[in-house]
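Structural description and commentary
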Amino acid sequence: MSSASAKETKLTAPYGSWKSPFTADLVSGSDTRLGGFTADPRGLLIWLESRPTESGRTVLVRQAEKEGDKPVDITPKDFGVRTVAQEYGGGAFSISGDTVIFSNYKDQRLYKKSMSSEDSVPVPLTPDYDGPLVCYADGVFDSRYNRYLTVREDRRESSTNPTTTIVSVDLSINNIEEPKILVGGNDFYAFPRIDRKGERVAWIEWGHPNMPWDRSELWVGYISENGDIQNRTCIAGGDPSIVESPTEPKWSPEGELFFITDRKNGFWNIHKWVESTNAVLPVYSLNAEFARPLWVFGMNSYEFVLNPGQKNLIACSYRKKGRSYLGILDVTQSSISLLDIPFTDIKNITSGLDCLYVEGASAVHPLSLAKVILDDQKSKAVDFNIIWSSSSIDSDYRPYLSSPELIEFPTEVPGESAYAYFYPPTNPHYQASQEEKPPLLLKSHGGPTAETRGILNLSIQFWTSRGWAFVDVNYGGSTGYGREYRDRLVGHWGIVDVNDCCSCAKYLVDSGKVDGERLCITGGSAGGYTTLAALAFRETFKAGASLYGVADLKSLRADTHKFESRYIDNLVGSENAYFERSPINFVHKFSCPIILFQGLEDKVVLPNQARKIYHALKDKGLPVALVEYEGEQHGFRKAENIKFTLEQQMMFFARLVGHFQVADDITPIKIDNLD
């Protein structure tokens, strides 16, 4: 069919009413998440995936030995591999040879299991404390002492102020003993990493009121004959005149310590420590981000590449202006060879046998794991193969995909810009009348120190294929654009993010891309706060959806977990600002409909925040709905709840703002003050 005749056969129907193959079932069932990956000694990939169809259970999986065979589950059905250290977890497993050590979600104990024997039963390594009171993350094997070094978060004395340390777990004994504390005294620890000989250990630590991306410290200690850590030295972050947040220390095969820090240029770049002179040297300087903020344990942004010429090579990726680049860094030459692969977005990297495994995505690839084979010189990619994908859609869906356009728009601060990804309505079978402009759904990401990415995300395609325009905003304070951009939000949360979201919507209206009378906003967690603040303090949007969003900053500070307990002090500032920027205190300023979604086991934003907003808006007479989910925490993991949230948001906006009939057969929930 020619493109001209394809246009002739398009049905004319209002934006938002189009029929789409991207059903909520497809979106929710395909929301498989990745919780880390590595390669075993044979070069086979091992990864951790969460399965929405199994109530979000996280399973350790190994790549099949024969091509075409199905991957094999390593962990049995009654185990879930997940740690709740710092609530957000990460670094939940580690392998050595045939052995895997992992955190079990239900009791948070560490278990050991053989990977080659499917029938082998996981054996507990840490004490049973009658419940998930002690959790572990980011562990590494110490072969010299036959032990496991790991970050431990101990909630036995206080669940709100647990003690975090680096401990060792003995692997040589049959009876379970209390782990031995090796490093303690600060508020937080991450990345304990041992050199190849087992003589030195590096780690990252930080203390209140800093988050790890504000200021952190890199330390090295020497391991004594009895396994204790002595002669400790602060390598980076200890000089108060240098603002930096070192992260991801790693020992090279030759025993040199590399790490990433943002000293001097304000971008996370790769550095190395010269032990003999105690100097820190940049390996390669670029105004681009080689790392991400430490929200979860176990990130792996770079990897040493073994090569026949014995060159000092590092596989790494960096992020610049909304795009990722994969490259091989020659440490001696201080030069990067970029690798040409289909991913435009890269998260983690690990080495296999003569290959790299890369976690990435693009506008046409959902989050995936790919095997990248390099040439003999390790300077070019000669093969690219996707091994695992978070969602699988066949070629029939391709014509429905809306491609993200990176937009740079002016903010309220003269001369300053912010960034967003704009997705136009796209459906090969439909068009709207020429007079109509599409409704817009603007998404404000969580964090707020995080970044949204322009990748294939079926939950965005759900909207665009039905005729909505969608924009995903990286407001000032987002990561990926350096420290200066990140620091725009310091002391200004609830102002800069709100202004930037409103400016973005206005920019799209002024560009003629969307209907200014049908602007909606959605966000989860910190993005839910930006949503509620935009609806309370501005009149840009006509309706909003808050997913486990913050309504009361003071309550958040009082109730939230230790990791973030001082975070908002930096973001908000004075006591007066806590009051003035909390939407719950200004319910009289809300003037449009809101739908709220909340998990009842949320420890980050407690359920009472959503209830307060709901009751206040209900009493005020505004259309409002509250959906609460049993068994869900901060972020929804169960397929049925992901589906319900998506469908009910769409029905809510269609009924109250869109003024069109949706094509899907969905029963809307009752909306107070409307039904």
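Since this is a predicted model, take the numbers as computed values, not measurements.

1. Quick word on the overall build of the protein
The helix and strand inventory of the protein stands at 11 helices and 38 strands. Against the compact-globule benchmark of 26 Å for 675 residues, the protein has a radius of gyration of 25 Å, which places it among compact chains. Expressed as a percentage of its 675 residues, the buried residues of the protein come to 60%. The contacts of the protein with a sequence gap of at least 6 include a subset with a gap of at least 24, amounting to 58%. Carbon and sulfur atoms provide 47% of the accessible area of the protein, an area that totals close to 26,700 Å².

2. Quick word on the sheet that holds strand β3 (residues 45-51)
One open sheet holds the four strands; their spatial order is β2-β3-β4-β5, and the pairing between them is antiparallel. Each having just a single partner strand, β2 (33-39) and β5 (72-73) make up the two edges of the open sheet. Both β2 and β3 contribute to a ladder of five bridges, which runs antiparallel. Counted as the bridge partner of A39 is L45 from β3.

3. Looking at the side chain of S252
Here S252 is to be found in the loop between β18 (247-251) and β19 (257-261). When near neighbours in sequence (up to four residues on either side) are disregarded, S252 contacts R196, F258 and F304.

4. Some details on the nonpolar core
Formed by 115 residues in total, the largest nonpolar core has its most connected members in I270, V471, W493 and F590. Ignoring any residue separated from it by four or fewer positions in sequence, one finds V471 in contact with I407, A420, Y421, F422, L440, L441, L442, K443, C504 and L508. Judged by nonpolar contacts, the second largest core, of 42 residues, contains Y423, L441, W468 and I671.

5. Looking at the pattern of salt bridges
Side chains carrying opposite charge are able to pair once their charged atoms draw close together. Inspection of every chain in the model, using the stated rule, returns 42 salt bridges. One salt bridge connects E49 with R51, and the closest N-O pair in it is separated by 2.8 Å. Neither E49 nor R51 differs from the other in exposure class; each is buried. K513 is paired through a salt bridge with E405; the nearest N and O atoms lie 3.3 Å apart. Taken together, the residues span a long stretch of sequence, with K513 in the loop between α5 (496-510) and β35 (519-524) and E405 in strand β30 (residues 405-410) at a distance of 108 residues. For K513, a relative accessible area of 28% gives the class partly exposed. On the basis of relative accessible area, E405 is assigned to the partly exposed category, the value being 36%.

6. Some details on the pairing of strand β28 (residues 368-374)
In terms of burial, β28 is a largely internal element, five of the seven residues being buried. Sheet analysis places strand β27 (residues 355-361) next to β28, joined by six bridges and oriented antiparallel. When the sheet's bridge partners are listed, Y357 is paired in β28 with K371. Hairpin connection from β27 to β28: six residues lie between these consecutive antiparallel strands. Examined bridge by bridge, β28 and strand β29 (residues 381-389) share seven bridges and lie antiparallel to one another. Across the sheet, residue S368 finds its bridge partner in β29, namely S389. Taking the residues that link successive antiparallel strands as the turn, the β28-β29 hairpin has six residues, and the phi of K378 there is positive, at about 60°.

7. Some details on the UniProt feature "domain: Peptidase S9 prolyl oligopeptidase catalytic" (unreviewed entry) in the protein
UniProt feature "domain: Peptidase S9 prolyl oligopeptidase catalytic" (unreviewed entry): in the numbering of this structure it lies at residues 459-658. Along residues 459-658 one finds 44% helix and 14% strand; the C-alpha atoms at either end are 19 Å apart.

8. Digging into the packing of aromatic side chains
As enumerated under the stated definition, the model contains 39 aromatic pairs in all. Centroid distance F188 to W206: 5.3 Å. Interplanar angle 15°. Geometry classified as stacked. With F188 in strand β14 (residues 188-194) and W206 in strand β15 (residues 200-206), the pair connects residues that are 18 residues apart, well separated along the chain. Of the two residues, F188 and W206, neither departs from the other in class, the shared state being buried. Considering the side-chain rings of Y629 and F636, the 4.9 Å spacing of their centres and the 80° angle between planes classify their relative orientation as edge-to-face. Judged by its relative accessible area of 5%, Y629 is buried. Three or more aromatic residues link up through ring pairs in this structure, and these residues are Y88, F188, W206, W213, W295, F563 and Y567. When the ring centre of F462 is taken as reference, the NZ or CZ atom of R466 above it lies at 3.9 Å. Seen from the ring of W268, R486 lies directly overhead, with NZ or CZ sitting 4.4 Å from the centre.

How each quantity is defined
- Residues numbered from 1 in each chain as written.
- Predicted model: local features only at pLDDT ≥ 70, side-chain atom pairs only at ≥ 80, totals over all residues.
- Heavy atoms only, no water.
- Helix = DSSP H or I, 4+ residues; strand = E, 2+ residues; numbered from the N terminus.
- Rg over C-alpha atoms; globule rule 2.2 N^0.38 Å.
- Buried < 20%, exposed > 50% of the residue type's maximum accessible area, 1.4 Å probe, protein only.
- Contact = heavy atoms within 4.5 Å.
- Areas by Shrake-Rupley, 256 points an atom, 1.4 Å probe, with all protein chains shown as cover.
- Pairing = 2+ DSSP bridges.
- Core = buried A, V, L, I, M, F, W, Y, C linked by side-chain atoms within 4.5 Å.
- Salt bridge = Lys/Arg side-chain N within 4 Å of Asp/Glu carboxyl O.
- UniProt positions renumbered as here; feature names shortened; annotations may be inferred.
- Phe/Tyr/Trp six-rings, centres within 6.5 Å; stacked < 30°, edge-to-face > 60°.
- Lys NZ or Arg CZ within 6 Å of the ring centre and 35° of its normal.

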